[in-house]
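Chains, contacts and geometry: an overview
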Amino acid sequence: MEMKKLFRTGIVLALVALSAVSCVTNRKIAYLQDMKHATQIELENKFEAVISPYDELDVVVSSFDMDLAQPFNLRSQISSTGNNTATNLGYLVDQYGNIELPVLGTIHAQGMTRLQLQEHVKKMLINGGYISDPYVMVRFRNFKIFVLGSNGGKAITIPEERCTFLEALALAGDLNVYTDRTKIMVMREVDGKMVSRYLDPRSSKVFKDPFFMMQQNDFIITRNTGYRNFQESYSMLGTVFSVFSTLTGLASTYFAVRAYLNSTNNK
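Residues numbered from 1 in each chain as written. Predicted model: local features only at pLDDT ≥ 70, side-chain atom pairs only at ≥ 80, totals over all residues. Heavy atoms only, no water.

**Some details on the overall build of the protein**
The helix and strand inventory of the protein stands at 7 helices and 10 strands. In the protein, which comprises 267 residues, the share counted as buried stands at 32%. Considering only contacts within the protein whose residues lie at least 6 apart along the sequence, 64% involve residues at least 24 apart. Put simply, the protein shows about 16800 Å² of open surface, and 57% of that area lies on carbon and sulfur atoms. (Helix = DSSP H or I, 4+ residues; strand = E, 2+ residues; numbered from the N terminus. Buried < 20%, exposed > 50% of the residue type's maximum accessible area, 1.4 Å probe, protein only. Contact = heavy atoms within 4.5 Å. Areas by Shrake-Rupley, 256 points an atom, 1.4 Å probe, with all protein chains shown as cover.)

This is the structure:
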C-alpha cells in the first residue's frame, strides 16, 4: 500500500510539472496587446541616421561633365591606378568624426545626416569653383543592427537606412516563446557612452520610446524567462521520474512475489 501511494504521488508531481511547463500564456508573448481597431499612433517619419565615428560611407560626386567630377571620386582615382582589388572601399569616419575626400580634404561629418553631408559637399564644390552643377550621393555602407540573447546571435544589414525596433525583431527571425518580452534591451553608443533602454513590444507605448527608431550599430539583447530553465529542469525531472517508475515497478513485483510465496508457505 505504501508503495502504491508513493507511485501515485510521483505521477501527480510529474503532471503538475508538465502543466507548469506548458503554461506560456498568450498575454506573455502577444505583441501590442493594448492596440484597438483603427488605432493611430504618430511616428517619426523624418527620422534619419546620424553619422558617427567608425561609420563607413559611400560618397559619389557626379556632374553633367563627368571629367570634372572624376577627381572627387575615390573609386575613380583607385581605378586609374590599376588597383581594381580596392574599388569596393568607402570612406571610414575616423575617431574624431572626420572623413578625407579627394581634393576637398578633411570634412567633419560626425553629427550630420547623410542628406546634410550631401548638401555640405555640394556647397564646397560650388563655392570652391570646382563644379557648377554637382550631384552628390551619400550612403551608409555599414548600417547594421546586432541581436544577441535567447534567439542566438545575428548581425542584420539594413539597406534602407531606416529600421524600427519591431522591424529589427522581424528581420532577426522573431522571438521564441521563451523570450522575456518585458525587458528587451536596446544598447546604443551616445556621446562616447553606451546607453541602454528596456523596450516591451507587448505595449503600444513602444512606439513612443526614443530608441524605437534604430541607429546603426545598435544592440538588441534578449533573455529567457524562467520557463526555459524550468523546461530544462523538467527534462531532468522526467529522467528521474522514469528511473523512479522503474524502481517502483520492480519493488511492486518483488513485494507481490514475496506475498505470494509467504501465502504458499503458510498453506
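**As for the nonpolar core**
Residues Ile-99, Leu-117, Phe-165 and Ile-220 are the most contacted members of the largest nonpolar core, which totals 45 residues. Listed by contribution, the elements that provide at least two residues to this core are β1 (56–62), β3 (98–101), α5 (114–127), β5 (135–140), β6 (144–148), α6 (165–171) and β8 (184–190). Residue contacts for Leu-117: discarding those within four places in its chain leaves Ile-51, Leu-57, Ile-99, Ile-107, Ala-109, Met-112 and Val-138. (Core = buried A, V, L, I, M, F, W, Y, C linked by side-chain atoms within 4.5 Å.)

**Examining the sheet that holds β6**
In spatial order, the strands read β7-β6-β10-β8-β9; together these 5 strands make up an open sheet with mixed pairing. The sheet terminates laterally at β7 (154–157) and β9 (193–199), the two strands that pair on one side only. Strand-to-strand twist of the sheet, defined as the mean angle between neighbouring strand axes without regard to direction, takes the value 25°. With 7 bridges joining them, β8 and β9 adopt antiparallel strand pairing. Bridge pairing links Met-185 to Tyr-198 in β9. (Pairing = 2+ DSSP bridges. Axes fitted to C-alpha atoms, helices over the stretch in contact; angles between N-to-C directions.)

**Concerning α5**
Compared with the 20 Å implied by 1.5 Å per residue over 14 residues, the 20 Å span of α5 between its first and last C-alpha is a close match. Looking at the residues trailing α5, positive phi occurs at Gly-129, about 75°. (Expected span 1.5 Å × (residues − 1).)

**A few points about the environment of Asp-58**
Following the sequence through the fold, Asp-58 ends up in strand β1. Along the chain, Asp-58 and Tyr-91 lie 33 residues apart, while their C-alpha atoms are 6.3 Å from each other.

**A word on the packing of aromatic side chains**
Evaluated as defined, the whole model comprises 4 aromatic pairs. Judged by centre distance (5.2 Å) and plane angle (25°), the rings of Phe-146 and Phe-219 are stacked. Taken as a pair, Phe-146 in strand β6 and Phe-219 in strand β10 (residues 218–221) lie far apart in primary sequence, 73 residues in all. Given the relative accessible area of 24%, Phe-146 is considered partly exposed. Its relative accessible area of 29% is what places Phe-219 among the partly exposed residues. Above the ring of Tyr-198, the side-chain terminus of Lys-183 is found at 5.3 Å from the ring centroid. (Phe/Tyr/Trp six-rings, centres within 6.5 Å; stacked < 30°, edge-to-face > 60°. Lys NZ or Arg CZ within 6 Å of the ring centre and 35° of its normal.)

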